[in-house]
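One letter stands for each residue in the lines below.
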Amino acid sequence: MSKIAIIGAGITGVTTAHALLERGHSVVVLDRHRYAAMETSFANGGQLSASNAEVWNSWATVLKGMKWMLRGDAPLLLNPRPSLHKYSWLGEFAGQIRHYRANTIATTRLAIEARRHLFAIAAQEGIDFDLERRGILHIYRDKAGFDAAARVNALLREGGLDRHPVTPEEMRAIEPALHGRYHGGFFTPSDATGDIHKYTRGLAEACARRGARFHFDAAVDSITHGRDGIAIGWKAPDGSREVLAADAVVVCAGVASRRFAAMLGDRVNIYPVKGYSITVHLDDERSRAAAPTVSLLDDATKIVTSRLGRDRFRVAGTAEFNGENRDIRADRIRPLVAWTEALFPDVGTARVVPWAGLRPMTPNLMPRIGAGSRPGVFYNTGHGHLGWTLSAATAQMVAEAVHAGAVSNRADRAA
């Protein structure tokens, strides 16, 4: 049995912990917060969406971004203030446009595989996370948007996804609560939604029951790689210094992964792309009846929805390039509320809880999974807008790599 340290108790860290426990390893998870799932895994859009696997590296995205730069309520907002990290990241992003097709297909396949693992883990551990397996409906107001979606659909179908076009009449049969006029849509019956925070917290509790140790309020500030293993240091809440010795480390720290990778001699180019959400509390029967139960993705506004149980409706979207800034801006929340009121006018918005989180994005929008440059160092990070969707599969991949390395090390010592 090897002792594996995991930095980060979000969805990727906790799924990685579970996968390593399944392979017989001793697991210690460190997180700077008091509880699991307190950053990007707290209040995202809730979609388990293979249908949203298209990577953003396309000239269409670049042109839209340039058009939106002068609009405060635009789906994508770029702070033009000079930043070497931001502009070098954007340069690498543009360089990945040539891989758009291959990466979209690969992400689709990974998302389909991840869904299978995630549902199996929830059933195995008895996790209640407001799962709704009603599919996801993408909506389009005009022919141009619908035709662009059809081109993307060909790639998703090549990746193995059943996503098919639907007429406006079929859209309303799928989700009768939907208001407005539409050219058409695409429906993915196999997609689902759930509460990422409840899932992650439930899985963390299951890992603890299996013997994993969690160190919360542990802001890691040093990682030392030596011949005898890895030493991870942090300052405890009482001001004392703590050091953990481990055989291997897996970095699952979201936007902080770039800093930890630098400590380990690796370059993991992650940029924090802020997303916003609102949780609409459905406090009266009229609102509960008027809120949709089928998950939606409005491609024109880049807004997604999920119904979380009987009394909550999650609306999320936007991408903001503004560094490691976690401020919740009123001008970015207003469009989410206005969208809700326009499409679902009978839903009350008197009690709306806003949130913002930082998506850890790599320039090619593909997660960084696998070994680092030094023995015993691994990464499972950089999932961007699909962390919830991809985590259960990437956890299996990195756990298998860690396990293979541990077996090889034991064989070397025995020899």
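Before reading on, note that the structure itself is shown above.
My aim in this report is to walk through the structure given alongside it, one point at a time. (Residues numbered from 1 in each chain as written. Predicted model: local features only at pLDDT ≥ 70, side-chain atom pairs only at ≥ 80, totals over all residues. Heavy atoms only, no water.)

1. Some words on the overall build of the chain
Note the following rule: Numbering of helices and strands starts at the N terminus; helices are DSSP runs of H or I of at least 4 residues and strands are runs of E of at least 2. For each residue, the accessible area found with a 1.4 Å probe, counting protein chains only, is set against the maximum for its type, and the residue is called buried under 20%, exposed over 50%, and partly exposed in between. Between two residues, a contact is recorded if the distance between any of their heavy atoms is within 4.5 Å. Per-residue and other accessible areas follow the Shrake-Rupley method at a 1.4 Å probe size, with only the shown protein chains counted as cover for residues. In this tally Asp and Glu are treated as negative and Lys and Arg as positive; neither His nor the chain ends contributes. To locate a charge, take NZ of a lysine, CZ of an arginine, CG of an aspartate or CD of a glutamate.
From N to C terminus, the chain includes 11 helices and 20 strands. C-alpha atoms of the chain, sized along the principal axes, occupy 70 × 45 × 45 Å. Looking at the chain residue by residue over its 415 residues, the buried ones come to 55%. In the chain, of all internal contacts separated by at least 6 residues, the share reaching a separation of at least 24 is 75%. Counting only carbon and sulfur atoms, one obtains 54% of the accessible surface of the chain, whose full area is about 17500 Å². Taken together, the 52 basic and 42 acidic charged side chains of the chain have centroids lying 4 Å from each other.

2. Comments concerning the sheet that holds strand 2 (residues 26-30)
Our working rule: A strand pair is defined by DSSP finding two or more bridges across the two strands. Angles shown run from 0 to 180 degrees and are taken between the N-to-C directions of axes, each axis being a line fitted to C-alpha atoms and, for helices, limited to the stretch in contact.
As summarised here, the arrangement of the six strands in space is 9-2-1-13-20-19, forming an open sheet in which the pairing is mixed. Of all strands in the sheet, those bounded by a partner on one side alone are strand 9 (213-215) and strand 19 (368-371). With strand direction ignored, the average angle separating the axes of adjacent strands in the sheet is 20°. Pairing of strand 1 (residues 3-7) with strand 2 involves five bridges; the strand directions are parallel. What sits directly across from Ala 5, in strand 2, is Val 28. Docked against the sheet, helix 1 (residues 11-22) engages strand 1, strand 2, strand 13 (248-251) and strand 20 (377-381), running at close to 165° with respect to strand 1.

3. Remarks on the environment of Asp 31
Here Asp 31 shows up in the loop between strand 2 and strand 3 (47-48). On the accessibility criterion, Asp 31 (12% relative accessible area) is buried. Every residue in contact with Asp 31, bar those within four places of it in the chain, is listed here: Gly 8, Ala 9, Gly 10, His 215, Phe 216, Asp 217 and Ala 218.

4. A look at the packing of helix 4 (residues 100-125) against helix 7 (residues 196-209)
Going by this rule: Should an angle lie under 35 degrees it is considered roughly parallel, over 145 roughly antiparallel, and from 65 to 115 roughly perpendicular; all remaining angles are considered oblique. Here a crossing is taken to be left-handed if its near helix is turned anticlockwise relative to the far helix by less than a right angle, and right-handed if that turn runs clockwise. In this classification, the charged set is Asp, Glu, Lys and Arg, the nonpolar set is Ala, Val, Leu, Ile, Met, Phe, Trp, Tyr, Cys and Pro, and all remaining amino acids, among them Gly, are polar.
The interhelical angle for the contact between helix 4 and helix 7, taken along N-to-C directions, is 55°, at an axis separation of 11 Å. Classified by the interaxial angle, the pair formed by helix 4 and helix 7 is oblique. Relative to helix 7, the crossing made by helix 4 is left-handed. When helix 4 is examined against helix 7, the residues Leu 118, Ile 121, Ala 122 and Glu 125 are found in contact with a partner set consisting of Tyr 199, Leu 203, Ala 206 and Arg 209. For the contact of helix 4 with helix 7, the per-class residue count stands at six nonpolar, no polar and two charged.

5. Points about the pattern of salt bridges
The criterion, for reference: We define a salt bridge as a side-chain nitrogen of Lys or Arg found within 4 Å of a carboxyl oxygen belonging to Asp or Glu.
Applying the stated criterion across every chain, the model contains 29 salt bridges. As a salt-bridge pair, Asp 130 and Arg 312 come within 2.9 Å of each other at their nearest N and O atoms. In this pair, Asp 130 sits in the loop between helix 4 and strand 5 (136-140) while Arg 312 sits in strand 17 (residues 312-321), placing the two residues 182 residues apart along the sequence. Among the residues examined, Asp 130 registers a relative accessible area of 15% and is labelled buried. Two residues, Asp 298 and Arg 141, come together in a salt bridge whose shortest N-O distance is 2.7 Å. With a gap of 157 residues between them, Asp 298 in strand 15 (residues 295-298) and Arg 141 in the loop between strand 5 and helix 5 (143-158) connect regions that are remote in the sequence.

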